[in-house]
Amino acid sequence: MAKMTNALRDLDRLAEESHKKARIFFQMGRYEEALAAYGEADGAWKKIAEMLFEKGKEDSGQEFLEKAQEARSCAGMSLFKLGKYKEALDIVDASLEAKPDSPIEWSNRGFVLSALDRNKEALEAFEKALSLDPESPKILTSNGIVYFRMGLPEKALEVFDRALAAEPKQASDWACKLPRFSFFSRNKAPTMRPDNAETWHWKGNVFLELGEKEKALEAYKNALESDPDHLNSLLCGGDLLCEFSEHREAFKCYVRALKLSPGNEAAKQGKELCEAKINE
């Protein structure tokens, strides 16, 4: 009995360490390593579950089986990031069989289907997720992106506004934080705010598509107020600032973008253009 207890403890320690490493790798964009580490965690927790089931400990076994399923779901998102969409979809669908009422899994399904250009199905998945969690800012934002990709900009704006108005209820929505001041900042009061940069960025993209460039620039500014390291907003904001002949502000955006993404060709070209204009 003691031998089994030690084996379970060692396996659980291995799984926890692997899961922790996987999260870090994922955040760093090292998705191959994240995938391997999530696989290790999945395998170890599944082995624990099997050992517990053999001993008739159904409740404890089920607990570890659910942890294995969570690791497998995260592995699916690593596959998604690696562009292996069909493999990712297989994992998501298997996860939904186990957890059909999970808004996270329905949202994950929407991500993958949209990447496969199956936008109508993606929209259905996000709407199902919202039926289970109607005020999730992340799910609302993802839903709005699909509307935008389907050529429905007005509907996308409506959903983005709902996302920006929604109060995050859990860490998976988005973290509230003290803002670091962006190059666009007009607000000098360090107040807590949600990190909703992605929503503002996509709202800017919609305005740009509609030809409303000043509104688009304001949206990118809001994105950078929330997260000064939001690369896509730095690039889009820099491009618009150049169009408005605000080359010094645009230069700052491109410099920041190059610090975040060395070798980024768009940022490099934008910086060179701004330097030429400033030195005229």
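Everything here concerns the structure above.
Anyway, here's the lowdown on the structure attached to this text. The model shown is predicted, which means the values in this text are computed figures rather than measured ones.

What follows concerns the pattern of salt bridges. As enumerated under the stated definition, the model contains 14 salt bridges in all. One salt bridge connects Asp-93 with Arg-109, and the closest N-O pair in it is separated by 2.7 Å. Of the two residues, Asp-93 is situated in helix 4 (residues 85-98) and Arg-109 in helix 5 (residues 103-115); the sequence distance between them amounts to 16 residues. For Arg-109, a relative accessible area of 17% corresponds to the buried category. Of the charged contacts, one joins Lys-215 and Glu-212 as a salt bridge, the two residues approaching to 3.0 Å between their closest N and O atoms.

Quick look at helix 7 (residues 137-149) now. With 13 residues, helix 7 should reach 18 Å at 1.5 Å per residue; the first-to-last C-alpha distance of 18 Å fits that figure. Taken across its 13 residues, helix 7 has eleven buried, putting it largely inside the fold. Restricting attention to buried positions, one finds in helix 7 the residues Pro-137, Ile-139, Leu-140, Thr-141, Ser-142, Asn-143, Gly-144, Ile-145, Val-146, Tyr-147 and Phe-148. Contact partners of the buried residues in helix 7: helix 5, helix 6 (119-132), helix 8 (153-165) and helix 9 (197-209). One or two steps after helix 7, the chain reaches Gly-151, where phi turns positive at roughly 80°.

The rules behind each value
Residue indices begin from 1 for each chain and proceed along its sequence in written order. Totals for whole chains, interfaces and linings use all residues, but because this is a predicted model, local features are given only for residues with pLDDT of at least 70 and pairs of side-chain atoms are given and counted only at 80 or more. Side-chain measures were taken over the full set of non-hydrogen atoms in the model, leaving aside hydrogen atoms and water. In the sections that follow, a salt bridge refers to a side-chain nitrogen of Lys or Arg positioned within 4 Å of a carboxyl oxygen of Asp or Glu. Only DSSP runs of H or I with at least four residues qualify as helices, and only runs of E with at least two residues qualify as strands; both kinds are numbered from the N terminus onward. Using a 1.4 Å probe on the protein chains alone, a residue whose accessible area is under 20% of its type maximum counts as buried, one over 50% counts as exposed, and one in between counts as partly exposed. Expected helix span is computed as 1.5 Å times (number of residues minus one). Residues are treated as being in contact if the distance between any of their heavy atoms lies within 4.5 Å.

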